[in-house]
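Letter by letter, the chains look like this.
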Amino acid sequence: MRDFSTDHRWLSINTATVRKSRGVEQPLPDIIEACVQRGIRAISPWRDQVAAAGLPAISKLVKTHGLELSGYCRGGMFPATDTAGLKAAREDNRRAVDEACELNAACLVLVVGALPGALSGKAMHKDIALSRSQVSDGIAELLDYAKINKMPLAIEPLHPMYAADRACINTMEQALDVCDALDPAKSGALGVAVDVYHVWWDPKLEAQIQRAGKERLLAFHVCDWMTPTTHLLEDRGMMGDGVIDIPRIRGWVEAQGFAGYSEVEIFSSGNWWRRESAEVLDTCIVRHRSAV
Ligand code: ZN
């Protein structure tokens, strides 16, 4: 297992972590400059942040600074109630692949979606099995396009509390079942993003990480699980402040040969987003060394 205690060369910042500074939305170019100033070598930006600044401008900044993208957030949201909705999702996902290619991302992260309408407050149906089959079909179709463009797809299993509105793939086992069905050759084109926040509780986690192997382990996301958790989405903790044994999980992932970045991804409307983003980045560096 790599020693992170003396430097932060394997730290990546998911830009949602510093999306806000003292509650104020931060432009992505400012976030990039702040990362570069601190010797942070990788980021994982969100599509809306890239769109707000303009893809060509961000692409240029990334290249100028020699930054790497540990991932691109995100594609997915495949389920829909009609063919027009499925088609819109397909087209949007293809655009996400194109953007990820332009930015030379290590992978496109997929938050696969769940019951249509649930995210905006009203689910259009209760058939989660239907959503899961639409997800599988959607990934299969996108995989063909992603392979042509040489952009790996990383399915991110989300904690079961998001099964209704964000992702109906909730465990590593489920995600890997989809991978094995659609990419039995383990080509490297399809795998998983292991986010400790979503999977730390799973009694099968170690076994499923072993099952995944190097070919399927495309991204590693870190933050911490707070007790109590006061918000379903926006109460993620800084590494070391919660109950997740992050080094143990990183050890399992690295034992399979994963040698990429540890990507810090913290959504925290009540704490970290209220602080100065400089303080948040400095804390990420310290905790990357001591708690990851
Ligand atoms: Zn994540």
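The shown structure was predicted, so the numbers you read here are calculated from the model rather than taken from an experiment. (Residues numbered from 1 in each chain as written. Predicted model: local features only at pLDDT ≥ 70, side-chain atom pairs only at ≥ 80, totals over all residues. Heavy atoms only, no water.)

### A word on a nonpolar patch on the surface
At step 1: A cluster of nonpolar residues, Trp200, Trp201 and Val243, forms a patch on the protein surface that exposes about 250 Å² of accessible area.
At step 2: Looking at the secondary structure, you find Trp201 in the loop between helix H7 (196-199) and helix H8 (205-216).
At step 3: Of the residues examined, Trp201 reaches a relative accessible area of 32% and is grouped as partly exposed. (Patch = residues over 30% accessible without salt bridge, like charges linked within 9 Å, V, L, I, M, F, W, Y side chains within 5 Å. Areas by Shrake-Rupley, 256 points an atom, 1.4 Å probe, with all protein chains shown as cover. Salt bridge = Lys/Arg side-chain N within 4 Å of Asp/Glu carboxyl O. Helix = DSSP H or I, 4+ residues; strand = E, 2+ residues; numbered from the N terminus. Buried < 20%, exposed > 50% of the residue type's maximum accessible area, 1.4 Å probe, protein only.)

### A few points about the packing of H8 against helix H9 (residues 246-255)
Any two packed helices are characterised by the angle at which their axes cross and by the distance between the axes.
At step 1: Interhelical geometry of H8 versus H9 gives an angle of 25° and a closest axis separation of 8 Å. In terms of their interaxial angle, H8 and H9 are classed as roughly parallel. Here H8 and H9 pass one another in a crossing that is right-handed. Only Ile249, Trp252 and Val253 of H9 make contact with H8, whose side of the interface consists of Leu205, Glu206 and Ile209.
At step 2: Considered class by class, the residues forming the contact of H8 with H9 number five nonpolar, no polar and one charged. (Axes fitted to C-alpha atoms, helices over the stretch in contact; angles between N-to-C directions. Parallel < 35°, antiparallel > 145°, perpendicular 65-115°, else oblique. Left-handed = near helix turned anticlockwise from the far one by under 90°. Contact = heavy atoms within 4.5 Å. Nonpolar A, V, L, I, M, F, W, Y, C, P; charged D, E, K, R; others polar.)

### Concerning the coordination of the zinc ion
Six octahedral donors around a metal ideally subtend angles of 90 or 180 degrees, whereas four tetrahedral donors ideally subtend 109.5 degrees.
At step 1: Binding of the zinc ion to the protein goes through Glu156 (OE), Asp195 (OD), His221 (ND1) and Glu265 (OE), at separations of 2.0 to 2.2 Å.
At step 2: Every donor counted, the four donor atoms about the zinc ion form angles of 85 to 155° at the centre, which fits irregular coordination.
At step 3: Donor residues for the zinc ion sit on one chain with the sequence pattern E-x38-D-x25-H-x43-E. A residue pair is termed long-range when its members are at least 10 positions apart, and Glu156 in the loop between strand E8 (153-155) and helix H6 (172-182) and His221 in strand E10 (residues 217-222) qualify at 65 residues.
At step 4: Judged by its relative accessible area of 3%, Glu156 falls in the buried class. (Donors = N, O, S within 2.8 Å, 3.2 Å for Na, K, Ca; no water. Tetrahedral: all angles 85-135°; square planar, octahedral: opposite > 155°, others 65-115°.)

### Description of the side chain of His288
At step 1: You can see His288 is positioned in helix H10 (residues 277-291).
At step 2: Take His288: its relative accessible area is 1%, and that puts it in the buried class.
At step 3: Once you skip the residues sitting within four places of it in the chain, His288 turns out to touch Phe4, Asp7, His8, Trp10, Leu11, Met239 and Ser262.

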